[in-house]
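Listed below are the residues making up each chain.
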Amino acid sequence: SFGMAAQMTGLGAPREKVITVPNGVGADISAAHVRMAAALRARPSSGPLKVLYLGRLDAQKGLDRLAAVAAALREEPDRFVLRLVGGRIVDDPARAPELGAAIEPPVLDADEIAELYAWADVMILPSRYEGLPLAIIEAMTRRGVPIATDVGAVAEAIQSGEDGYVVPN
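Predicted, not measured: the structure shown is a model, and the values here were computed from it.

Thresholds, definitions, all that
Residues numbered from 1 in each chain as written. Predicted model: local features only at pLDDT ≥ 70, side-chain atom pairs only at ≥ 80, totals over all residues. Heavy atoms only, no water. Helix = DSSP H or I, 4+ residues; strand = E, 2+ residues; numbered from the N terminus. Polar contact = N/O pair within 3.5 Å; in protein donor to acceptor, adjacent residues only side chain to side chain. Contact = heavy atoms within 4.5 Å. Pairing = 2+ DSSP bridges. Axes fitted to C-alpha atoms, helices over the stretch in contact; angles between N-to-C directions. pLDDT = per-residue confidence, 0-100. Core = buried A, V, L, I, M, F, W, Y, C linked by side-chain atoms within 4.5 Å. Buried < 20%, exposed > 50% of the residue type's maximum accessible area, 1.4 Å probe, protein only.

## Focus: the side chain of Thr 149
Residue position: Thr 149 is located in strand E5 (residues 145-149). A polar contact of 2.6 Å, which involves the side chain of Thr 149, links it to the backbone oxygen of Ser 127. Thr 149 has contacts with Arg 65, Leu 125, Pro 126, Ser 127, Val 154, Val 166, Val 167, Pro 168 and Asn 169, leaving out every residue within four places of it along the chain.

Take a look at the structure:
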C-alpha cells in the first residue's frame, strides 16, 4: 500500500528501493456473480438492513468491536439482521468475547461466497490491524457496501461516503 511505502521511507528506507505493489482480489469473480449482485441491488429495498461479517474470528479482526456492534444491532431487530460467517482461531476461545449471535461456519466455495455478499446490504470489518483486507474488494466488486476501520490500506480502497465507509480505528 502507499501507506506502508510512506512508513518504510519514514523509517529510513531509501525511496528508490521501496516499490508499491497494489493488492487485488485473490479469487476469481465471475461476470455471473456480478450480474446476480447487480440484479439484487436493483430491486427496491425492504425489511431490515442486512449486515454481514465474513472472516476469521480472532483478535486482529476486532472481535471486541464486533461483539459491541452485534449487541447494538440486537437492540433494534426490526431495523437490522446480522450474519456472522467464519471460524474461531483464537488461542484461548474462553477469552474471546461473546458475539451473541449464531456463527455460521466458514465458506470457501466461490458461489456460496458470492451469495453471501449478494445477500448483504453492508459488510463490516472492524479490524484492529490489517494490510488491505481482500474481503473489502470482494464485497465492493459484488456491489456491497463495506464499513471498515481505518487501518492499513483500507482508506486507499474505500472512498468513504462514496463506495463504503471508513471509521476511525
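## Details of the sheet that holds strand E6 (residues 165-167)
Adjacent strands of a sheet pair through backbone hydrogen bonds, lying either parallel or antiparallel. Pairing in this open sheet of 6 strands is parallel, and the strands run E3-E2-E1-E4-E5-E6 from one edge to the other. In this open sheet, the two strands that pair with only one neighbour each are strand E3 (103-104) and E6. Where strand E2 (residues 80-85) and E3 come together, 2 bridges link them in parallel fashion. Within E3, the residue paired with Leu 84 across the bridge is Ile 103. Together, strand E1 (49-54), E2, strand E4 (122-125) and E5 form the strand contacts of helix H3 (residues 63-74), whose direction differs from that of E2 by roughly 150 degrees. Across the sheet, helix H5 (residues 134-141) touches E1, E4 and E5, and the angle it forms with E4 is around 175 degrees.

## Topic: the confidence of the model for the protein chain
Put simply, the protein chain has an average pLDDT of 84, and 88% of its residues get 70 or more. Helix H2 (residues 31-42) is the least confidently modelled element of the protein chain, averaging 72 in pLDDT, while E6 averages 97, the highest of any element.

## What to know about the nonpolar core
Residues Leu 66, Tyr 117 and Ile 136 are the most contacted members of the largest nonpolar core, which totals 35 residues. When residues of this core are traced back to their parent elements, those giving at least two are E1, H3, E2, helix H4 (110-119), E4, H5 and helix H6 (154-157). Looking at this core, the element that brings in the most residues is H3, giving 5 residues.

## Digging into H5
Among all positions of H5, only Ala 135, Ile 136, Ile 137, Glu 138 and Ala 139 are buried. The inward-facing, buried residues of H5 contact E1, H4, E4, E5 and H6. After H5 finishes, the residue Arg 143 shows a positive phi value of roughly 70 degrees.

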